[in-house]
Amino acid sequence: MAVPYMAYQTDREDLNGVHRRMSQDQITEYWQRKNTRSIDGFPTGMATAVDT
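About the cut-offs
Residues numbered from 1 in each chain as written. Predicted model: local features only at pLDDT ≥ 70, side-chain atom pairs only at ≥ 80, totals over all residues. Heavy atoms only, no water. Helix = DSSP H or I, 4+ residues; strand = E, 2+ residues; numbered from the N terminus. Rg over C-alpha atoms; globule rule 2.2 N^0.38 Å. Areas by Shrake-Rupley, 256 points an atom, 1.4 Å probe, with all protein chains shown as cover. Lys, Arg positive; Asp, Glu negative; His and termini not counted. Charge placed at Lys NZ, Arg CZ, Asp CG, Glu CD. Salt bridge = Lys/Arg side-chain N within 4 Å of Asp/Glu carboxyl O. Buried < 20%, exposed > 50% of the residue type's maximum accessible area, 1.4 Å probe, protein only.

Trainee: Would you take a moment to explain the overall build of the protein chain for this structure?
Mentor: What the protein chain contains, in helices and strands, is 2 helices and 0 strands. In terms of overall dimensions, the protein chain is more spread out than a globule: its C-alpha atoms have a radius of gyration of 16 Å, far above the 10 Å expected for 52 residues. Along the three orthogonal principal directions, the C-alpha set of the protein chain runs to about 45 × 30 × 10 Å. In the form shown here, the protein chain has an accessible surface area of approximately 5200 Å², with 56% of it arising from carbon and sulfur atoms. A distance of 5 Å separates the average location of the 6 positive side-chain charges in the protein chain from that of its 7 negative side-chain charges.

Written as structure tokens, this is what we have:
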């Protein structure tokens, strides 16, 4: 079994809508909580709450 062919149809706006409803402080807190480590646990180099 292989990956199926897929055709581009349009951009997805889901994430943009979520972020439009968040304040800059909420977005920063989310980034600090979710993006300081990669999916496999390695540090990403992004500042943590302790670093700021």
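There's plenty left to go through after this.
Trainee: Just to check I follow, could you spell out the pattern of salt bridges for this structure?
Mentor: Pairs may arise between side chains of opposite charge once their charged atoms sit close together. This structure, assessed with the given rule, holds 2 salt bridges. Residue arginine 20 pairs with glutamate 13 through a salt bridge whose shortest N-O separation is 3.6 Å. Residue class for arginine 20 comes out exposed when judged on its relative accessible area of 62%. On the accessibility criterion, glutamate 13 (42% relative accessible area) is partly exposed. Among the ionic pairs, glutamate 29 bridges to arginine 33, the shortest N-O distance being 2.8 Å. Taken as a pair, glutamate 29 and arginine 33 lie in helix H2 (residues 24–34) at a separation of 4 residues, close to a single helical turn. We classify glutamate 29 as partly exposed; its relative accessible area is 38%.

Trainee: How do you make sense of the environment of glutamine 26 when you look at a structure like this?
Mentor: Relative to the elements of secondary structure, glutamine 26 occurs in helix H2. Judged by its relative accessible area of 42%, glutamine 26 falls in the partly exposed class. Sequence separation of glutamine 26 and glutamine 9 is 17 residues, and the distance between their C-alpha atoms is 31 Å.

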